[in-house]
Amino acid sequence: MAEVTVSEPIAADTARWAAELGAEAFAMMSHRELGKLVPPAEFERFRRLWDDLELDPVLPGGGQYRLRRYGRLLAEAKAGSYRFTALPHVPFRQDAEHIPDYGGRPRTFAPIPDETLLSPALTSLVAVDLALATTLTPADRWIVGLHMIRVVAKAGAPGQATPEGRHRDGHDYVGMHLIDRRDCEGGHSVIYREGRPTVRHTLATALDSLIVDDDALTHEVTATVSAGPDAVRDTLLVDLNVD
Ligand SMILES: [Fe+2]
């Protein structure tokens, strides 16, 4: 199986983000730091992959505003580095308890090609998420789910990143990385503690990111509203689960 090894990231703010995640159960990561991990040319190549997603076939109400791909990695921590192995493509499934809309049914999305799963941009971002998660949950094998998602808004037809509303996803941690945001308003990330909104934050610039302890908090993203002809919000979502 295809695999790649990535040295653990040395982002100046990693220790602070880990402390925030430990104290608050979420951490906000700035593009200023994360941008240093991905060279601009590499990031530009990565960003363009969001032009090649496929329609989410099972949106509630038959909505056509969300496009996506899905893939999985095995991550093994070893002496300051992570070995990532691309795993076979399988349908994505969430418990009905967490996301009732789909009744626990598996959802089949277009696959993320192995070369994208193992790309420097994607694995660098996942390595940061893992570095933060493992400070709270010291495990050396993780199953990582990757979702490349584009939400499209049109005049009079908002886009919904989370049509299910406030939710938890049923993972140990969830990383949310903004890849692009054009011509849209809204799309605010809201984090809830004990059902009450505690933070409202906008991932505004590419690579602005969030990580949440999915057991501890719930979250949602408000609708995106078109403010121009090309209103899209592109994200990479990272599901982290101890193997
Ligand atoms: Fe979510």
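Residues numbered from 1 in each chain as written. Predicted model: local features only at pLDDT ≥ 70, side-chain atom pairs only at ≥ 80, totals over all residues. Heavy atoms only, no water.

For the protein, the name recorded in an unreviewed UniProt entry is 2-oxoglutarate-Fe(II)-dependent dioxygenase family protein, with Nonomuraea fuscirosea as its organism.

Considerations on the packing of aromatic side chains
Per the stated rule, a full pass over the model turns up five aromatic pairs. Relative to Trp-50, the ring of Phe-46 has its centre 5.0 Å away and its plane inclined at 80 degrees; by these criteria the two rings are edge-to-face. Residues Phe-46 and Trp-50 agree in their burial class; the two are buried. Counting every residue linked through ring pairs, the aromatic cluster contains Tyr-70, Phe-92 and Phe-109. One residue, Arg-68, lies across the ring of Phe-109, its end atom 3.9 Å from the ring centre. (Phe/Tyr/Trp six-rings, centres within 6.5 Å; stacked < 30°, edge-to-face > 60°. Buried < 20%, exposed > 50% of the residue type's maximum accessible area, 1.4 Å probe, protein only. Lys NZ or Arg CZ within 6 Å of the ring centre and 35° of its normal.)

Quick look at the nonpolar core
Ranked by size, the top nonpolar core spans 46 residues in total, and within it Phe-84, Leu-146 and Leu-236 carry the most contacts. If you tally residues by element for this core, the top one is helix α5 (residues 120-136), at 10 residues. Setting aside anything within four residues of it in sequence, one finds Phe-84 in contact with Ala-2, Glu-3, Val-4, Val-6, Leu-73, Leu-74, Ala-75, Leu-118, Thr-123, Val-126, Ala-127 and Leu-130. Counting 11 residues, the second-largest nonpolar core is a separate cluster that includes Val-174, Met-176, Leu-178 and Leu-203. (Core = buried A, V, L, I, M, F, W, Y, C linked by side-chain atoms within 4.5 Å. Helix = DSSP H or I, 4+ residues; strand = E, 2+ residues; numbered from the N terminus. Contact = heavy atoms within 4.5 Å.)

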